[in-house]
Amino acid sequence: MVDCSKDTAPAVEASAVMAQLAARPRLLALGEPTHGEDTLLDMRNGLFRQLVEEEGYRTIALESDCMKGLVVDDYVASGVGTLDEAMERGFSHGFGASAANRELVGWMRAYNDGRPASERLRFAGFDGPLEISGAASPRQALTALHGYLAARVDADLLPCTAETLGRLLGTDDQWCDTAAMTDPARSAGRSAEAERLRLLADDLAALLGEQTPHLISATSRDAWERARLYARTATGLLRYHAWMADTSPGRMTRLVGLRDRIMADNLLAAAERGPTLVHAHNLHLQRNKSAMRMGGLPLEWWSAGALVSARLGEEYAFLATALGTIRHQGVETPPPDTVEGLLYALPGDHCVLGAARLAATLGYTRPARRVSPYYGYFPVDPAHLDGNDGIVFVKDVPRS
């Protein structure tokens, strides 16, 4: 189906989205082709409100540090801290400075106020503690996992003491050296201490799984799920650091693939909690292989969306967002033979098109691929359209 509207701000109606899908997905993914545009985040916020009120969704997962996201979740679910603290400490990639993200967090907190725990909204970051320039120290996740277990299982079952972890972790400077991204020799990821930490993290994660019935009854399912996040993050970060220290030709492909693997594992955990709206870059959510050039090298890897879709089937749905213009970034009216150009010719300021209607709109000739003058904007790849459940098209994106 197609829903084209002319309004002061783009809006995606939950009813229109659900009408395109065979069933209500556990993970409904809304992609964006560029970061930092509050117009797109306002649209996301409006969809999430409707999904909460009309479809029973209770969680939103954003492309932000999963460990930092716990700060936001504590605030929206339990009122811990303040909104300012949640925005300052609860986001990575600079996303805490977004007015639209602040509005989202404030609305979630207000919605939860006075509601029973079973009805409260939850927030999740699903990216790893990673930036383009490097990765965080595994200290926070690893020590939190050890602390959770040490307080609740026999000491004889633990593979090490907290003091041993501290000694092996050393200083955080060695883990956070940004030069290691381009110089593997600067990475601590394959030192003797790091190799020992990988074994200990694996043993701690295994112990967490073995003690599941006891741990849930001794604490709560929420506390146990948070410990699982610590385990995923600790093992994922140590694996990522190990590949940062690698010198083989597959190094960068493994790094980008590992990041999306971390994302996928966090999304699958969110799906266990219940219906979730996911918002991230199209490249992370698409079902097709992702591709880009980094450091002059062509890279291809399976996105988080592809990994999750392979596991969940129809319980994963993906709507890509496509844009007409971002004039403040030099992106002008799209050529008429591109996907964006064909959609730009439709009436209205924004459209939601299901897969069948999209195919009919584009016709039998494969459109050309748009070339972006702005490095931060990735146009739709016409070869990947069959992997989408639909497209959200926004004709013009004003400066935030």
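Relevant structure appears above.
I will try to describe carefully the structure that is included in this document. In this text, all values refer to a predicted model and were calculated from it rather than measured experimentally. (Residues numbered from 1 in each chain as written. Predicted model: local features only at pLDDT ≥ 70, side-chain atom pairs only at ≥ 80, totals over all residues. Heavy atoms only, no water.)

Remarks on the overall build of the protein
Broken down by element type, the protein carries 15 helices and 12 strands. Relative to its length of 400 residues, the protein is compact, with a C-alpha radius of gyration of 22 Å against a globular reference of 21 Å. C-alpha extents for the protein along the principal axes are approximately 70 × 55 × 35 Å. Residue pairs in contact within the protein that sit at least 24 positions apart in sequence constitute 76% of those at least 6 positions apart. Carbon and sulfur atoms form 51% of the exposed surface of the protein, whose accessible area is close to 17100 Å². (Helix = DSSP H or I, 4+ residues; strand = E, 2+ residues; numbered from the N terminus. Rg over C-alpha atoms; globule rule 2.2 N^0.38 Å. Contact = heavy atoms within 4.5 Å. Areas by Shrake-Rupley, 256 points an atom, 1.4 Å probe, with all protein chains shown as cover.)

Some thoughts on the packing of helix 6 (residues 139-150) against helix 7 (residues 162-169)
Between helix 6 and helix 7, the least distance of the axes is 10 Å, while the angle of their chain directions is 170°. With respect to helix 7, the element helix 6 is oriented roughly antiparallel. When helix 6 is examined against helix 7, the residues Arg139, Leu142, Thr143 and His146 are found in contact with a partner set consisting of Ala162, Leu165 and Leu169. (Axes fitted to C-alpha atoms, helices over the stretch in contact; angles between N-to-C directions. Parallel < 35°, antiparallel > 145°, perpendicular 65-115°, else oblique.)

Considerations on the environment of aspartate 84
Along the chain, aspartate 84 falls in helix 4 (residues 83-89). A C-alpha to C-alpha distance of 42 Å links aspartate 84 and threonine 338, two positions 254 residues apart in sequence.

Some details on the packing of helix 3 (residues 69-78) against helix 10 (residues 221-244)
In the contact formed by helix 3 and helix 10, the axes pass within 13 Å of each other and the chain directions differ by 165°. In terms of orientation, helix 3 and helix 10 fall into the roughly antiparallel class. The two elements helix 3 and helix 10 cross, and the hand of that crossing is right-handed. Judged by residue contacts, Leu70, Asp73 and Asp74 of helix 3 engage Arg226, Leu229 and Tyr230 from helix 10. Split into classes, the residues belonging to the contact of helix 3 with helix 10 amount to 3 nonpolar, no polar and 3 charged. (Left-handed = near helix turned anticlockwise from the far one by under 90°. Nonpolar A, V, L, I, M, F, W, Y, C, P; charged D, E, K, R; others polar.)

Comments concerning the packing of aromatic side chains
All told, the structure shown has 4 aromatic pairs when counted by the stated rule. Where phenylalanine 48 meets tryptophan 107, the ring centres are 6.1 Å apart and the plane angle is 80°; that geometry is what we call edge-to-face. With phenylalanine 48 in helix 2 (residues 38-55) and tryptophan 107 in helix 5 (residues 99-112), this residue pair connects regions lying 59 residues apart in the sequence. Taking relative accessible area as the criterion, tryptophan 107 reaches 18% and is therefore assigned buried. (Phe/Tyr/Trp six-rings, centres within 6.5 Å; stacked < 30°, edge-to-face > 60°. Buried < 20%, exposed > 50% of the residue type's maximum accessible area, 1.4 Å probe, protein only.)

Side note on the pairing of strand 10 (residues 316-325)
Where burial is concerned, most of strand 10 is hidden: 10 out of the 10 residues are buried. The pairing of strand 2 (residues 27-32) with strand 10 spans 4 bridges and is parallel. By the bridge assignment for strand 10, leucine 28 is matched with alanine 317. Relative to strand 12 (residues 390-396), strand 10 is paired through 6 bridges, and the arrangement is parallel. Bridge pairing links leucine 323 to valine 394 in strand 12. (Pairing = 2+ DSSP bridges.)

As for the nonpolar core
Generally speaking, nonpolar side chains in soluble globular proteins are found buried as a group. Grouped together as the largest cluster of nonpolar side chains are 43 residues, with contacts concentrated most on Leu28, Phe48, Val105 and Met108. Counting residues per element, this core draws most heavily on helix 2, which supplies 6 residues. Listed in part, the 32 residues of the second largest apolar core include Ala124, Tyr316, Cys351 and Phe393. (Core = buried A, V, L, I, M, F, W, Y, C linked by side-chain atoms within 4.5 Å.)

Quick notes on helix 11 (residues 251-273)
The end-to-end C-alpha distance of helix 11 is 34 Å, a good match for the 33 Å that 23 residues give at a rise of 1.5 Å each. The first or second residue beyond helix 11 is glycine 274, which carries a positive phi of 145°. (Expected span 1.5 Å × (residues − 1).)

Considerations on the environment of glycine 147
Examined against the element boundaries, glycine 147 turns out to sit in helix 6. Residues glycine 147 and alanine 227, 80 residues apart in the sequence, show an inter-C-alpha distance of 9.6 Å.

What to know about helix 6
Here helix 6 spans 16 Å end to end across 12 residues, near enough to the 16 Å set by a 1.5 Å rise per residue. Of all the positions in helix 6, only Ala141, Leu142, Leu145, His146, Tyr148 and Leu149 are classed as buried. Taken end-on, helix 6 shows its buried residues confined to a sector of 160°, consistent with a single buried face. Where helix 6 is buried, its residues contact helix 7, helix 8 (192-210), helix 9 (212-218) and helix 10. (Arc of directions from axis to C-beta.)

Quick word on the pattern of salt bridges
Inspection of the entire model under this criterion finds 21 salt bridges. Here aspartate 246 ties to arginine 190 by a salt bridge, and the two come within 3.2 Å at their closest N and O atoms. Remark: arginine 190 occurs in the loop between helix 7 and helix 8 and aspartate 246 occurs in the loop between helix 10 and helix 11; sequence separation between them is 56 residues. Looking at aspartate 246, the relative accessible area reads 9%, which means it is buried. Residue classification places arginine 190 among the partly exposed positions, given a relative accessible area of 41%. Of the charged contacts, one joins arginine 273 and glutamate 225 as a salt bridge, the two residues approaching to 3.5 Å between their closest N and O atoms. With arginine 273 in helix 11 and glutamate 225 in helix 10, this pair connects stretches of sequence that are 48 residues apart. With a relative accessible area of 36%, arginine 273 lands in the partly exposed category. Through salt bridges with shared partners, one network takes in Asp73, Asp74, Arg122, Asp222 and Arg226. (Salt bridge = Lys/Arg side-chain N within 4 Å of Asp/Glu carboxyl O.)

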